[in-house]
Amino acid sequence: MEQGKQLVKIDKWFPSTKKCSCCGAEKPMKLFERTYECSCGYVADRDYNSAINIKNEGLRLLALS
Ligand SMILES: [Zn+2]
């Protein structure tokens, strides 16, 4: 274990692919949809949007602990 690092467990049901990483809104995402387009105007690659959501959720959980 490296010093100064914390393991954060993200709930496996966390809706990372459905959530807009810009405004936090959620919408259904079909499996074949590769691009996330939100009504707020945010457009990003599905996996990229998901990765940002997971990072943000990790930071949020860290802040709570
Ligand atoms: Zn949005």
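Conventions used here
- Residues numbered from 1 in each chain as written.
- Predicted model: local features only at pLDDT ≥ 70, side-chain atom pairs only at ≥ 80, totals over all residues.
- Heavy atoms only, no water.
- Phe/Tyr/Trp six-rings, centres within 6.5 Å; stacked < 30°, edge-to-face > 60°.
- Lys NZ or Arg CZ within 6 Å of the ring centre and 35° of its normal.
- Donors = N, O, S within 2.8 Å, 3.2 Å for Na, K, Ca; no water.
- Tetrahedral: all angles 85-135°; square planar, octahedral: opposite > 155°, others 65-115°.
- Helix = DSSP H or I, 4+ residues; strand = E, 2+ residues; numbered from the N terminus.

**Section: the packing of aromatic side chains**
Piece 1. All chains considered together, the criterion is met by zero aromatic pairs.
Piece 2. Across from the ring centre of tyrosine 36, 5.2 Å away, lies the NZ or CZ of lysine 27, which sits over that ring.

**Considerations on the coordination of the zinc ion**
Expected angles at a metal are 109.5 degrees for tetrahedral coordination by four donors and either 90 or 180 degrees for octahedral coordination by six donors.
Piece 1. Those donors, Cys20 (SG), Cys23 (SG), Cys38 (SG) and Cys40 (SG), are the protein atoms that reach the zinc ion, and they lie 2.3 Å from it.
Piece 2. Its four donor atoms give the zinc ion angles of 104 to 115° at the centre, a pattern that matches the tetrahedral case.
Piece 3. In terms of primary sequence, the donors binding the zinc ion are separated according to C-x2-C-x14-C-x1-C. Of this pair, cysteine 23 sits in the segment before strand E1 (35-37) while cysteine 40 sits in the loop between E1 and strand E2 (43-45), and the two are 17 residues apart along the sequence.

**Examining the environment of glycine 24**
Piece 1. Tracing the backbone shows glycine 24 in the segment before E1.
Piece 2. It is 8.8 Å that separates the C-alpha atoms of glycine 24 and asparagine 53, two residues lying 29 residues apart in sequence.

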